[in-house]
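# Results of the structural survey
Residue-level listing of the chains:
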Amino acid sequence: MNGFDFTLNGADLAALPSGALWWAAERLLAVSDLHLGKSERLARRGGTMLPPYEVRDTLARLEADIAATRPAAVLCLGDTFDDLTAMENLPEQEALWLTRLMAGRRWIWIEGNHDPGPTSFGGTHLAELRLPPLTFRHIAAPGAAAEVSGHYHPKARLGGLSRPCFLIDAARVILPAYGTYTGGLRSDDAALCALMDDRAIAVLTGKAAHAIPMPRAQIRPRASTSPR
Amino acid sequence: MNELPPAFAAWFAARGWSAHPHQKAILARRMAPAQLLIAPTGGGKTLAGFLPSLHELASDTHSGLHTLYISPLKALAADIRRNLRAPVEEMGLHIRIEDRTGDTSHSQRRRQRADPPHILLTTPESLALLLSYEDAPRIFAGLQRVIVDEIHALAESKRGDQLMLCLSRLSTLCPGLRRVGLSATVEDPAAIARFLARHPDPCDILHADPGPDPDIAMLETGAPPPWAGGGGRYAIPAILAQVKRHKTTLIFHNTRAQAELFFHALWLANEDTLPIGIHHGSLSREQRERVEAAMVAGELRAVVCTGSLDLGIDWGDVDLVIQVGAPKNVKRLVQRIGRANHRYNAPSKALLVPANRFEVVECVAALQAVRAHDLDGDPRPPGPRDVLCQHILITAAAGPFDAGALFAEVTTAGAYAGLSRAEFDACLDFAATGGYALRRYDRWQRLQQTGGKWHLRDPRAARQIRMNIGTIVDTDLLKVRLKNSRGGTPLGEVEEAFAATLTPGDTFLIGGQIVRYEGLREMTVEVTRRASGSPKIAVFSGSKFATSTQLSDRILAMFQQERWPGLPAHTAEWLALQRDVSQLPRRDRLLVETFPHEGRAHSCIYGFAGRNAQQTLGLLLTQRMEQAGLHPLGFVATDYATLIWALDPVTDPAPLFDAAAMRDGFETWLAGNAVMKRTFRSAAVIAGLIERNVPGQRKSGRQATFSSDILYDTLVKYDPHHLMLRITREEALKGLVDFGRIEAMLERIEGRIDHMPLPRVSPLAAPLFQEVGRVPIKGAGAERLLAQAAASAMAAAGLS
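In the annotation of an unreviewed UniProt entry, chain A is listed under the name Calcineurin-like phosphoesterase domain-containing protein and assigned to Actibacterium naphthalenivorans.

### With respect to the overall build of chain A
The secondary structure content of chain A amounts to five helices and 16 strands. For 228 residues, the compact-globule formula gives about 17 Å, and the C-alpha radius of gyration of chain A, at 17 Å, lands near that figure. In terms of overall dimensions, chain A has C-alpha extents of about 50 × 45 × 30 Å along its principal axes. Out of the 228 residues belonging to chain A, those deemed buried represent 61%. Excluding contacts between residues fewer than 6 apart, the proportion of contacts in chain A whose partners are at least 24 apart in sequence is 65%.

### Focus on the UniProt feature "domain: Calcineurin-like phosphoesterase" (unreviewed entry) in chain A
The positions that UniProt labels "domain: Calcineurin-like phosphoesterase" (unreviewed entry) are, in the present scheme, residues 27–123 of chain A. Helix makes up 40% of residues 27–123 of chain A and strand 13%, and the two end C-alpha atoms of the span are 17 Å apart.

### Overview of the domain arrangement of chain B
For chain B, the domain assignment lists domain 1 (6–207), domain 2 (215–371), domain 3 (391–467), domain 4 (477–528) and domain 5 (586–673 + 737–782). Inter-centroid distance (C-alpha atoms) of domain 1 of chain B to domain 4 of chain B is 41 Å.

### Side note on the packing of helix 16 (residues 385–398) of chain B against helix 18 (residues 421–433) of chain B
Residues and elements named next belong to chain B. Two elements in contact, helix 16 and helix 18, have axes separated by 9 Å at closest approach and are oriented at 55°. Relative to helix 18, the element helix 16 is oriented oblique. In the crossing of helix 16 with helix 18, the sense of the turn from one axis to the other is right-handed. In this structure, helix 16 uses Arg-385, Leu-388, Cys-389, Ile-392 and Leu-393 to contact helix 18, whose residues at the interface are Glu-423, Phe-424, Cys-427, Leu-428, Phe-430 and Ala-431. In terms of residue class, the contact of helix 16 with helix 18 is built from nine nonpolar, no polar and two charged.

### A short note on unusual backbone geometry
The omega angle of the peptide bond from A:Pro132 to A:Pro133 is 5°, so this bond is cis rather than trans. Structurally, A:Pro133 is set in the loop between strand 8 (128–131) and strand 9 (134–137). Residue B:Pro200 is bonded to the preceding B:His199 through a cis peptide linkage, with omega at 0°. Turning to its location among the elements, B:Pro200 is positioned in the loop between helix 10 (189–196) and strand 7 (204–207). Positive phi, normally seen in glycine, also occurs at A:Asn9, with a value near 50°. The residue A:Asn9 is located in the loop between strand 1 (4–8) and strand 2 (11–15) in this model. On the basis of relative accessibility, which here comes to 49%, the residue A:Asn9 falls in the partly exposed class. With a phi angle near 55°, A:Asp33 is a residue other than glycine that sits in the positive phi range. Along the polypeptide, A:Asp33 turns up in the loop between strand 4 (28–31) and helix 1 (38–44). Residue class for A:Asp33 comes out buried when judged on its relative accessible area of 0%.

### Structural notes on the interface of chain B and chain A
Taken together, the contact between chain B and chain A spans 51 residues of the former and 46 residues of the latter. With both chains or domains summed, chain B and chain A bury close to 4200 Å², and 59% of this area falls on carbon and sulfur atoms. For the interface between chain B and chain A, the tally reads one salt bridge. Between A:Asp57 and B:Lys717 there is a salt bridge, with its nearest N and O atoms 2.5 Å apart. The tally of links from chain B across to chain A stands at 12 residue pairs in polar contact (both at pLDDT 80 or more). Sorting the residues of the side of chain B that touches chain A by element identifies helix 18, helix 19 (461–467), strand 19 (513–521), helix 27 (708–718) and helix 30 (781–796) of chain B as the ones contributing at least two each. Tallied by class, residues from the side of chain B that touches chain A come to 27 nonpolar, 11 polar and 13 charged.

### Examining the sheet that holds strand 13 (residues 349–353) of chain B
Residue and element names in this part refer to chain B. Within the open sheet, the six strands sit side by side as 8-13-12-9-11-10. Their pairing is parallel. Looking at the sheet topology across the chains shown, the edges are occupied by strand 8 (215–218) and strand 10 (276–279). Going across the sheet, the axis of each strand differs from the next one's by a mean of 20°, ignoring polarity. As paired elements, strand 10 and strand 11 (residues 302–305) share four bridges and run parallel to each other. Bridged to Gly-277 within strand 11 is Val-303. On top of the sheet, helix 14 (residues 330–337) reaches strand 8, strand 9 (249–252), strand 12 (320–324) and strand 13; it is set at about 150° to strand 12, its chief contact.

### Topic: the sheet that holds strand 3 (residues 21–23) of chain A
Residues and elements named next belong to chain A. The strand order across the open sheet built from seven strands is 1-2-3-4-5-6-7, with neighbouring strands paired in mixed fashion. Each of the sheet's edge strands pairs with one partner strand only, and the pair in question is strand 1 and strand 7 (124–126). Here the average twist between neighbouring strands, direction ignored, is 25°. The pairing of strand 2 with strand 3 spans two bridges and is antiparallel. Bridge pairing in strand 3 places Ala-15 opposite Leu-21. Across the sheet, helix 2 (residues 54–69) touches strand 3, strand 4, strand 5 (73–76) and strand 6 (106–110), and the angle it forms with strand 4 is around 160°.

### Quick notes on the pairing of strand 10 of chain B
Of the two faces of strand 10 of chain B, both are covered, the one formed by B:Ile276 and B:Ile278 as well as the one formed by B:Gly277 and B:His279. Regarding the hand of the β-α-β motif, the stretch spanning strand 10 of chain B, helix 13 (residues 285–296) of chain B and strand 11 of chain B is right-handed.

### Here we look at the packing of aromatic side chains
Counted according to the given criterion, the structure contains 24 aromatic pairs over all chains. A centroid spacing of 6.1 Å and a plane angle of 50° characterise the contact between B:Phe358 and B:Phe608, whose relative ring orientation is tilted. Taken together, the positions of B:Phe358 in helix 15 (residues 357–371) and B:Phe608 in the loop between strand 22 (600–606) and helix 23 (611–627) put the pair 250 residues apart, joining distant regions of the chain. The exposure class of B:Phe358 is buried, given its relative accessible area of 5%. An angle of 55° between the planes, with centres 5.4 Å apart, marks the rings of B:Phe407 and B:Phe424 as tilted. A residue pair is termed long-range when its members are at least 10 positions apart, and B:Phe407 in helix 17 (residues 403–410) and B:Phe424 in helix 18 qualify at 17 residues. Considered together, B:Phe407 and B:Phe424 belong to a single accessibility category, that of buried residues. Joined through ring pairs, the aromatic side chains of B:Trp227, B:Phe358, B:Phe559, B:Trp574, B:Phe608 and B:Tyr640 make up one cluster. Across from the ring centre of A:Tyr178, 5.0 Å away, lies the NZ or CZ of A:Arg61, which sits over that ring.

### With respect to the pairing of strand 9 of chain B
Residue and element names in this part refer to chain B. A two-sided burial pattern is seen for strand 9, the buried positions comprising Thr-249 and Ile-251 on one face and Leu-250 and Phe-252 on the other. Of the pairings in the sheet, the one linking strand 9 to strand 11 comprises four bridges and is parallel in character. Residue pairing across strands places Ile-251 opposite Val-304, the latter belonging to strand 11. Where strand 9 and strand 12 come together, four bridges link them in parallel fashion. Across the sheet, the residue bridging to Phe-252 is Gln-323, located in strand 12.

Analysis parameters
- Residues numbered from 1 in each chain as written.
- Chains lettered and ligands numbered in written order.
- Predicted model: local features only at pLDDT ≥ 70, side-chain atom pairs only at ≥ 80, totals over all residues.
- Heavy atoms only, no water.
- Helix = DSSP H or I, 4+ residues; strand = E, 2+ residues; numbered from the N terminus.
- Rg over C-alpha atoms; globule rule 2.2 N^0.38 Å.
- Buried < 20%, exposed > 50% of the residue type's maximum accessible area, 1.4 Å probe, protein only.
- Contact = heavy atoms within 4.5 Å.
- UniProt positions renumbered as here; feature names shortened; annotations may be inferred.
- Domains from an automatic or database assignment.
- Axes fitted to C-alpha atoms, helices over the stretch in contact; angles between N-to-C directions.
- Parallel < 35°, antiparallel > 145°, perpendicular 65-115°, else oblique.
- Left-handed = near helix turned anticlockwise from the far one by under 90°.
- Nonpolar A, V, L, I, M, F, W, Y, C, P; charged D, E, K, R; others polar.
- Buried area = accessible area lost by both parts, 1.4 Å probe.
- Salt bridge = Lys/Arg side-chain N within 4 Å of Asp/Glu carboxyl O.
- Polar contact = N/O pair within 3.5 Å; in protein donor to acceptor, adjacent residues only side chain to side chain.
- Pairing = 2+ DSSP bridges.
- Right-handed = clockwise from strand over helix to strand, strands pointing away.
- Phe/Tyr/Trp six-rings, centres within 6.5 Å; stacked < 30°, edge-to-face > 60°.
- Lys NZ or Arg CZ within 6 Å of the ring centre and 35° of its normal.

As structure tokens, this is what we get:
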């Protein structure tokens, strides 16, 4: 595994270059913000008709991560579906593909702001998961410790390249968005600077995981936006 | 009828004027379905276009809209409204004239829709918006004439294609609609006529007296120009002397960044503090308007500018045009020269300032071409299909349509006359379903067919289609403001990619002043004037123009002269030395020099294919050299040559230029290229696949919006034959990639390659070593470099 290894509250974790988080001791693979069905949702609302291929592209990458790590449990950290109707409308072939990935392992859905409800796919549905010594929830709670979350789609820039990234400090890790059709929020945004401590690092994803000090706003904005 | 109607004759006479022959001619033939007037600046072109309308409105009791005037510039529409008011009022005509642009108030626009004026002055985008309303047939009922001003400029961009599709719609709504085009001097009037007329209607072409030949020369400077680089700063003393000697001078530059640097240097040397301004497209509107107003008031002695001043507005008493840097294109040069001296029948005065030694040759070639009235230009390509996709959506927003009827209508636009039904259907399918091969949107189509007619599935989509109207796609720009408690003065805009490279304390030039980057706040770049030291240069998007084929051919022909009496001695000696040491490039052969320099093996390829094509050639050749194990390290390209450096020398260049292998490599390279992604983005925005970034929307949707690169990569992976990718490819080939000119070059030389192995750098290659814009070749090393950078950043922060 050519990931970046780190420890959070005593748990040994690896930030994989794909954007997934691997907890070897629990054989748990966590991914966040898949936003499956985004193209369907936009079209349904009378917006543009994006190439309807993000579900298969995202599932193909998830399948590759599962094949490489052979997890006992997969945890989807919220915003797995772009909305609940998009989940219902998932084309049959892609719904079957997802079911196939779920077979033979525990599957945990944490609910996100885009998909606040149970899924029709089986598995366990939770608002958050406490799996000592860690807590998994979609949106980071200020002041929380030993927390794994998603939601913000953090990204950071190094050497002219902007990439989705993990943000890691002593108290928490924020996962990058795993879905194909996802944008990012720069790590120097006030919301992220307020959550992460001064020694936070960013682990850029891509072909390999590259760790750098978390890029921050050089000048502190006067008022910080509250996290959504 | 070759005489003016009495009221008009009296008006001309009262002013001591007589009508120009072309003004009478246009009035005499006013019933022709299409007329194209080619006239130099100052020839009373606009009045000529309006005379038939004034005539008809004077003698008629026309109600509703009679004439639509389209200009590429909002400011021009407002300008024309003021200028028309004089003759209308003085002749006592009761004609309502109004303009309608993006700046027109909401209430005014609503009133115009309910009760249109006799003459409406507008822009292509505002017209397209009007046509997207359901009541378009009522708004345009009774329309008789449409005047397209500066049609030569519109014809060079997709705005012109959109306009002509709109006119095809108007001609259906208003049978018998007559079209008039007003154009500056162009190389192929017949092509503009085909572009303007409703196909297959005929189009009259009227030529105004072109006036006397311009008084144009190369600026004499004390010092010879430098060997390489741009900007022309060496010529500042001579240019200031010219500014002093003239009333008002326009100083044109080819790029915004060069204009900024030049203006800064000019200001430092301006000991007499002559009032000099700067004007280019990246400056804020307030800044530009201030300069424009000062120009009109005659308060400025000179303006440093770019193409943003190429069009339209009458700037008053400009008596000298200075072009800094090689003009690259003769037609544009002639049109720029026309900006000087708006008095008809007085020669325009212009000076060329070559920025470097090679540009001396190019300037002399351009002077010859101007004197020979030999203008250049590429044939107009067929109408772009992304614009057609948008037009289909606009049509649907206005109401249900029949596909066959719409196809018949759009093929009356000259640029789309050759469009096949299959191509049209592919665009319609894209607009309706997205046009995807592997999965169809059946339930959520954007357009649906009911009773044989296509219509919007969700009427809410009309609003989004209207928000997306237009064919100008800006790269992501960030506003630059002076930092203070009240929000600060806007200075202009920079590209987001440039802003991302800045760290607080960095300095750059904008609006002629050096500013210090302080930080980014809510998508605004905040700066202060606390700047010292030399500026980092703002990289504006100003595309680099490539030297035209015609001009390149003239340069190559000049190389074959025995001696060069027309060139300054320093340049003639340089060419003679090149002839002694190596040879001068020829049109039907390809010269490749190889020589060692500073421990690297260099190859110089004189393709004369223009900067964009030479750049592509550099990418392709280094790719082939990499395969051949020659370890290329980088290259640099200019309009005439590509210089490549490598660890191992090229001993036989011929196989590198194998056309088939090069085409193969090209296809692979093209798919992953950044230029393709940029081209894709603008085609996708125009065609309606991506919504435009609307200010304000962006902030709230920052996680929701994702890069268009992702869509491009997804399509390449899953749907490689999708319409958007086909359009992207065609656009990229003729634009920034310009592979067409490489193909043309390979065809021309037919394998005749002259390889000159030399012991050292040749005189012609030497300036290339000073060129900026070197492209390093990154093979598999990119990730490794990234890893090294990451490790050192962690180490520096004590976090390893």
